[in-house]
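Fold and geometry: a report
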Amino acid sequence: MERDYLISWKAAGISLGLLLILATALTKPLGVSTQFVVSDAAVVHKVAPEFAESNAYLSKYGNKTNWGVGYGWMLVLGMFVGGGISSALLRKRQPEQDKGSMPAMWKERFGDSMSKRYAAAFGGGVLLLFGARLAGGCTSGHMISGVPQLAISSFIFAVTGFGAAILMAKFLYRSGSES
Amino acid sequence: MTTLVIGFLIGCAFGAILYLGGATSYRRILGTLRLKDMWIIKLMGTAIGVGTLGIYLLDLGGLANMVIKPAYVWGVALGGIVFGIGWAVSGFCPGTCVVGASEGKKDAMATVLGGLVGALLFSLAFPFIEALLIQKANFGSITLASALGVSGIYLAMGLSAGLLGVVFFVLKDKYE
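Below: a short report on this structure. (Residues numbered from 1 in each chain as written. Chains lettered and ligands numbered in written order. Predicted model: local features only at pLDDT ≥ 70, side-chain atom pairs only at ≥ 80, totals over all residues. Heavy atoms only, no water.)

Quick look at the packing of aromatic side chains
How we decide: Under the pairing criterion, centres of Phe, Tyr and Trp rings, with the six-membered ring standing for Trp, must be within 6.5 Å; the plane angle then separates stacked pairs below 30 degrees from edge-to-face pairs above 60, leaving the rest tilted. Numbered from the N terminus, helices here are DSSP runs of H or I no shorter than four residues, and strands are runs of E no shorter than two. Exposed residues in this analysis have more than 50% of their type's maximum accessible area, buried residues have under 20%, and partly exposed residues fall in between, with area computed by a 1.4 Å probe over protein chains only. The rule is short: NZ of Lys or CZ of Arg within 6 Å of the ring centre and within 35 degrees of the ring normal puts a charge over the ring.
The full count for this structure, using the stated rule, is 13 aromatic pairs over all chains. Ring geometry for Tyr 57 of chain A versus Phe 126 of chain B: centroids 4.8 Å apart, planes at 40°, classification tilted. Of this pair, Tyr 57 of chain A sits in the loop between helix H3 (49-54) and helix H4 (71-90) while Phe 126 of chain B is found in helix H6 (residues 106-134), placing the two residues in two different chains. Residue classification places Phe 126 of chain B among the buried residues on the basis of a relative accessible area of 5%. The structure contains a cluster of three or more aromatic residues connected by ring pairs, namely Tyr 57, Tyr 61 and Phe 130 of chain A together with Phe 122 and Phe 126 of chain B. Against the face of Phe 110 of chain A rests Arg 109 of chain A, its NZ or CZ located 5.1 Å from the ring centre. Over the face of the ring belonging to Phe 171 of chain A we find Arg 174 of chain A, whose NZ or CZ atom lies 4.3 Å from the ring centre.

Here's the deal with unusual backbone geometry
One non-glycine residue with positive phi stands out, namely Leu 150 of chain A, at about 65°. Note that Leu 150 of chain A resides in the loop between helix H7 (139-144) and helix H8 (152-172). Classification of Leu 150 of chain A by relative accessible area gives buried; the value is 1%. At Ala 137 of chain B, a position not held by glycine, the phi torsion is positive, near 45°.

Looking at the side chain of Ser 102 of chain B
For the record, the criterion: Definition of a polar contact: a pair of N or O atoms within 3.5 Å, with one able to donate and the other able to accept a hydrogen when the atoms are protein atoms, and with sequence-neighbouring residues admitted only if both atoms are side-chain atoms. For this analysis, residues touch if any pair of their heavy atoms sits within 4.5 Å.
Structurally, Ser 102 of chain B can be placed in helix H5 (residues 94-102). Judged by its relative accessible area of 14%, Ser 102 of chain B falls in the buried class. From its side chain, Ser 102 of chain B meets the backbone oxygen of Val 99 of chain B in a polar contact 2.6 Å long. The contact partners of Ser 102 of chain B, leaving out residues within four places of it in the chain, are Phe 80, Gly 83, Gly 84 and Ser 87 of chain A.

Remarks on the pattern of salt bridges
The line we're drawing: For this analysis, a salt bridge means a side-chain nitrogen from Lys or Arg found within 4 Å of a carboxyl oxygen belonging to Asp or Glu.
Summed over the entire model, instances satisfying the criterion amount to seven salt bridges over all chains. For the salt bridge of Asp 4 of chain A with Arg 28 of chain B, the shortest nitrogen-to-oxygen distance reads 3.6 Å. Here Asp 4 of chain A, found in the segment before helix H1 (9-26), pairs with Arg 28 of chain B, found in helix H2 (residues 26-33), and the two come from separate chains. Judged by relative accessible area, which is 17%, Asp 4 of chain A ranks as buried. Across the pair Arg 117 of chain A and Asp 107 of chain B runs a salt bridge whose closest N-O atoms are separated by 2.9 Å. One end of the pair, Arg 117 of chain A, is in helix H6 (residues 114-135); the other, Asp 107 of chain B, is in helix H6, on a second chain. Just as Arg 117 of chain A is buried, Asp 107 of chain B falls in that class too. Put simply, Asp 4 and Asp 98 of chain A together with Arg 27, Arg 28 and Asp 37 of chain B are held in one network by salt bridges that share partners.

So far we have only geometry, and geometry alone does not tell us how the molecule works.
See below:
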């Protein structure tokens, strides 16, 4: 069988574990979802400063003159740059199945409408960040970083998050063909 | 300034690992969530296994800058459920949609936009749900070690060995 990956799950998993250790030694563990609020807050502080100040959540992140762009936001910017550079360099070797905006598995189940795919991706994104902010973290902050610190909250998140995702995936593909 | 540069560089490595490891791939994510191709759970299990032992070894030397998220049971559990549904529907997480967008995937860009809207909706809802879901049943920043009164390194060794054992010897190549 042709190799259908760039680096194995072992290589990626060990590197990610080592990166987490390095980050925890240098500054703090990894996290992403807070930065969606920081980005929102920067915009709201600009267009509706009074509202931003009056909102108990947004007012925690930045203010009118300081956007609250710090370590965490630079980390997410770095993810965009690091992902972009590696994909630009390795595009030719990336497995065909992993390219593009219309996954084959999705197409087989839901048809080839791009707007349907984008609508699901957008709606899923709304739920992702609403849920992550309610829980106080996401896959990186809770699962990758929180569980290794043995945080009780992260164990709760890992169980409910994976549980709901598995049930939802089963539901979405309930009459899907075996692949 | 140094902190910002460190953040940026760690982010670059994080983004590259997620891309290279196939974590931005719908086939891998949904394959794992449908329990058909366990790639992502093996990747995460390995990372958590290595990270747990490493962080608690650092902690022995007093070098771990830990950030323990507070355990407000209802909010975390409900947030996890909403998050999980969004994960299965979009095929991305908050981190992988950023990396997917950097690859030029338009569906990942849609998830980033949705995420910005979702985070804003949460900000608007926060005053109404704080008392009920975040302040209630909030046990603060507790860990398994502090709750059980056991030294963290022993639990970390157990969890690491268990996770790596399951990933490397039980799941292994079963689903590849």
